[in-house]
Amino acid sequence: MRIIISEFMDTAAVTQLQNDFDVVYDPALVDKPDELHAAVADAQGLIVRNRTQVSAQLLAAAPALKVVGRLGVGLDNIDMKACADRDIKVIPATGANSRAVAEYVIASAMMLLRGGFLSTADVARGDWPRARLSEGRECGEKILGLVGFGGIGRLTASLAQGLGFTVVAYDPGIPGSAPVWAETGVRQLSLDDLLAQAHVVSLHVPLIESTRNLFDATTLAKMRTDAVLINTARGGIVDESALADALRAGRLGGAALDVFGQEPLKTDNAFADVPNLILTPHIAGVTAESNQRVSQMIADEVGGCLKGQAPRV
Ligand code: NAD
């Protein structure tokens with residue numbers, strides 16, 4: 001049986017699959033759509049990250065496909081209905097990169113609240129912006145507002161509580177009576193109340209119709225003017241132009257974005273010379289450790305599925 005891997009995967013996990021299957025591993029396939037379409041023609045398994053678009057068109061080119069492994073968790077690049085119609089199993093690496101994302105959120109929050117870490121160029125030039133950077137803020141007694149309180153939101157909450165944050169969350173998918181609120185010590189708020197109170201707002205929702213453009217100019221205007229916004233969830237949830245305007249106008253304290261409406265960004269994007277901004281290339285969930293965990297989980301699950309073994313619970 002044949003497995004196509006179209007984006008990067010940890011070597012040990014690829015080797016494990018090669019022991020049992022005919023594996024085509026080409027991390028550049030994602031950028032060669034014609035070759036990708038040809039490669040999947042006789043494949044039973046396909047393994048992707050977030051960049052390969054598993055569209056109805058690609059699925060139609062893969063008549064023997066039984067399973068799609070996703071080296072990550074968001075499923076917005078996969079046509080789930082087309083997979084369900086064909087009984088193709090889709091397996092995400094649930095939980096395997098949560099810690100990487102949660103640590104990214106904490107690091108970004110601390111950098112942006114404190115402010116001083118963005119002074120490298122000034123200091124190297126011989127400037128000494130000590131007075132300007134002596135107003136940085138600590139985490140203790142600050143409020144972290146989580147929009148989406150699933151796996152990553154919950155892990156982020158527990159790391160943040162260890163630093164002294166009070167954590168609140170908005171998640172209409174979790175009833176107020178759910179034990180998770182008492183178990184985690186996180187207070188459930190409406191979105192408006194969260195926006196009005198939080199010093200740091202971090203997004204942990206999937207990209208779906210109810211979250212598309214959720215953080216537009218109107219939503220951003222409801223945040224504290226000194227608040228920090230962190231988006232590790234998905235591009236398309238935050239209006240990038242509105243965010244750039246708010247940061248330029250000093251109507252927001254700072255932002256960290258790991259995900260964008262279009263990845264990579266176009267050169268004429270909204271972010272030139274925007275202050276108090278951290279941009280990273282969709283790496284919040286990718287560390288040396290998480291790449292190993294994610295790859296191992298998907299190798300086990302996709303391999304097991306093709307061998308007819310029962311999935312993990
Ligand atoms: P999860 O499914 O465990 O939790 C998502 C939560 O969002 C659920 O509790 C759900 O009820 C809630 N939700 C849905 N719609 C909502 C809305 N309109 N408002 C508020 N809450 C809503 O997912 P997770 O594992 O915590 O991951 C969250 C997202 O993070 C993923 O969908 C993925 O897009 C993104 N992610 C990004 C990276 C990265 O590298 N940047 C890595 C991993 C995950």
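## Topic: the site of the ligand
Here is step 1: Contacts to the ligand come from 27 residues, most closely from G151, D171, T232, D258 and G285.
Here is step 2: A233 places a main-chain nitrogen or oxygen 3.2 Å from an oxygen atom of the ligand.
Here is step 3: The contact in question runs from an oxygen atom of the ligand to an N or O atom on the side chain of R234, over 3.4 Å.
Here is step 4: Coverage of the ligand by the protein chains reaches 82% of its 870 Å² of free accessible surface.

## Quick word on the domain arrangement of the protein
By a widespread convention, an interface's size corresponds to the accessible area lost as its parts come together.
Here is step 1: Each assigned domain of the protein is listed here: domain 1 (2-96 + 288-306) and domain 2 (98-279).
Here is step 2: Computed over C-alpha atoms, the centres of domain 1 and domain 2 are 31 Å apart.
Here is step 3: The interface is formed by eight residues belonging to domain 1 together with six residues belonging to domain 2.
Here is step 4: Taken together, the two surfaces of domain 1 and domain 2 that pack against each other cover about 500 Å², and 39% of this comes from carbon and sulfur.
Here is step 5: Among the residues of domain 1 in contact with domain 2, N50, D76 and G95 are the three that bury the most area, contributing 56% of the side total.
Here is step 6: A salt bridge links R234 to D76; the shortest N-O distance between them is 2.9 Å.
Here is step 7: Seen at the junction of domain 1 and domain 2, the total is two residue pairs in polar contact (both at pLDDT 80 or more).

## Some details on helix α11 (residues 240-248)
Here is step 1: Residues of α11 that are buried include every one of E240, A242, L243, A244, A246 and L247, and no others.
Here is step 2: Looking at the packing, one finds that the buried side of α11 touches α10 (217-221), β10 (228-231), β11 (254-257) and β12 (277-279).
Here is step 3: Its side-chain oxygen 3.1 Å from the backbone nitrogen of S241, D239 forms the N-cap of α11.
Here is step 4: Trailing α11 by a residue or two, G250 shows a phi angle of about 70 degrees, which is positive.

## Things to note about the pattern of salt bridges
Here is step 1: Summed over the entire model, instances satisfying the criterion amount to 16 salt bridges.
Here is step 2: D22 is the partner of R2 in a salt bridge, and the nearest nitrogen-oxygen pair spans 2.9 Å. Note that R2 is positioned in strand β1 (residues 2-5) and D22 in strand β2 (residues 22-25), a separation of 20 residues in sequence.
Here is step 3: On the accessibility criterion, D22 (39% relative accessible area) is partly exposed.
Here is step 4: Across the salt bridge formed by R99 and E103, the nearest N and O atoms sit 2.7 Å from each other. Here E103 and R99 lie together in helix α5 (residues 98-114), a separation of four residues that amounts to about one turn.

Criteria and cut-off values
Residues numbered from 1 in each chain as written. Predicted model: local features only at pLDDT ≥ 70, side-chain atom pairs only at ≥ 80, totals over all residues. Heavy atoms only, no water. Near = heavy atom within 4 Å. Polar contact = N/O pair within 3.5 Å; in protein donor to acceptor, adjacent residues only side chain to side chain. Areas by Shrake-Rupley, 256 points an atom, 1.4 Å probe, with all protein chains shown as cover. Domains from an automatic or database assignment. Contact = heavy atoms within 4.5 Å. Buried area = accessible area lost by both parts, 1.4 Å probe. Salt bridge = Lys/Arg side-chain N within 4 Å of Asp/Glu carboxyl O. Buried < 20%, exposed > 50% of the residue type's maximum accessible area, 1.4 Å probe, protein only. Helix = DSSP H or I, 4+ residues; strand = E, 2+ residues; numbered from the N terminus.

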